[in-house]
Amino acid sequence: MKDNPELDSLALEHAWKWFEYHANQRMTMIRFYLTVAGAIATGVGYLWTSDQHALSGTLSFVGIVVSLCFARLDARVSQLIKVGEGALKGQQHIIASRLNNRNFAICEMADRLRADDGKRLHLFPHSYSENFKVMLYLAATVFLGMLVSNIVIESNYHAAFHSSPR
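Just so we're clear, the structure is a prediction, and the values are computed from it rather than from any experiment.

### A few points about helix α2 (residues 53-99)
Owing to its 3.6 residues per turn, the α-helix brings residues three or four apart onto one side. End to end, α2 covers 66 Å across 47 residues, agreeing with the expected 69 Å (1.5 Å per residue, within 8%). With its phi angle positive at about 55°, N100 sits one or two positions after the end of α2.

Shown next as structure tokens:
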């Protein structure tokens, strides 16, 4: 196929805009999640200290659902970002070939670095996806713990109330 710099430029711009849009969408989503989860956690804590354990438990359940929904959304947006990276990789390969400089194959180099990074300790999250998964599932686990605690306290309260002499 004949070189068409105008078409190559259009393809690179399209791939970059796709990648940029979804990467920004992901960061916006995570900021929104942190705000929502913080508000839910504040509500859970306030209701807990106010001995409103049924409401605190209900709000904890909402926190679990919200965390799991955001985890699914993040997984989808991550896929869309990878699609953009794939398109960028092709265009970067063309640029690197024309300039005779492999350093412009940026996505390919990043993939190689990730593959070479297999020697790292897997105890610590490394990528955005790994960090976001840890954060979202940890929050869901904390909300689950609060839900269970609220259920136990509420059931103990009702058991003590019903077993006391009148």
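### Thoughts on unusual backbone geometry
Unusually for a residue other than glycine, D51 sits at a positive phi of about 55°. Counting through the fold element by element, D51 comes out in the loop between α1 (5-49) and α2. Even without glycine at this site, N100 takes up a positive phi of about 55°. Within the fold, N100 resides in the loop between α2 and α3 (106-116).

### Quick word on the confidence of the model for the protein chain
Per-residue pLDDT for the protein chain averages 89, and the proportion of residues at 70 or more is 90%. In the model of the protein chain, α3 stands out as the element of lowest mean pLDDT, 81, in contrast to α1, which has the highest, 95.

### Focus: the packing of aromatic side chains
Each aromatic ring pair is described using two quantities: the centre-to-centre distance and the angle formed by the ring planes. Counted by the stated rule, this structure contains 4 aromatic pairs. An angle of 35° between the planes, with centres 5.5 Å apart, marks the rings of W16 and F19 as tilted. Linking W16 with F19, this pair stays in helix α1, spanning 3 residues, or about one helical turn. With 5.8 Å between their ring centres and 45° between their planes, Y128 and F132 make a pair best called tilted. In this pair, Y128 and F132 are both assigned in helix α4 (residues 128-163), 4 residues apart and thus about one turn of the helix distant. The exposure class of Y128 is exposed, given its relative accessible area of 56%. The structure contains a cluster of three or more aromatic residues connected by ring pairs, namely F32, Y33 and F70.

### Observations regarding the environment of K82
Inspection of the secondary structure puts K82 in helix α2. Overall, the relative accessible area of 42% leaves K82 in the partly exposed class. For the pair K82 and A23, spaced 59 residues apart in the sequence, the C-alpha separation amounts to 9.8 Å.

### Description of the side chain of R26
Looking at the secondary structure, you find R26 in helix α1. Polar side-chain contacts of R26 include one of 2.9 Å to the side chain of S129. Non-local contacts of R26, meaning those with residues more than four positions away in its chain, are made with D74, V77, S78, I81, Y128, S129 and F132.

### Let's talk about the pattern of salt bridges
In the structure shown here, the tally under the stated rule is 7 salt bridges. Between R112 and E108 there is a salt bridge whose closest N-O contact spans 2.9 Å. Taken together, the residues span about one helical turn, with R112 and E108 both in helix α3 at a distance of 4 residues. Residue R112 is classed as partly exposed on the basis of its relative accessible area, which comes to 37%. For E108, a relative accessible area of 26% puts it in the partly exposed group. Here the salt bridges do not stand alone but share partners, grouping R102, E108 and R112 into one network.

Cut-offs used in this document
- Residues numbered from 1 in each chain as written.
- Predicted model: local features only at pLDDT ≥ 70, side-chain atom pairs only at ≥ 80, totals over all residues.
- Heavy atoms only, no water.
- Helix = DSSP H or I, 4+ residues; strand = E, 2+ residues; numbered from the N terminus.
- Expected span 1.5 Å × (residues − 1).
- pLDDT = per-residue confidence, 0-100.
- Phe/Tyr/Trp six-rings, centres within 6.5 Å; stacked < 30°, edge-to-face > 60°.
- Buried < 20%, exposed > 50% of the residue type's maximum accessible area, 1.4 Å probe, protein only.
- Polar contact = N/O pair within 3.5 Å; in protein donor to acceptor, adjacent residues only side chain to side chain.
- Contact = heavy atoms within 4.5 Å.
- Salt bridge = Lys/Arg side-chain N within 4 Å of Asp/Glu carboxyl O.

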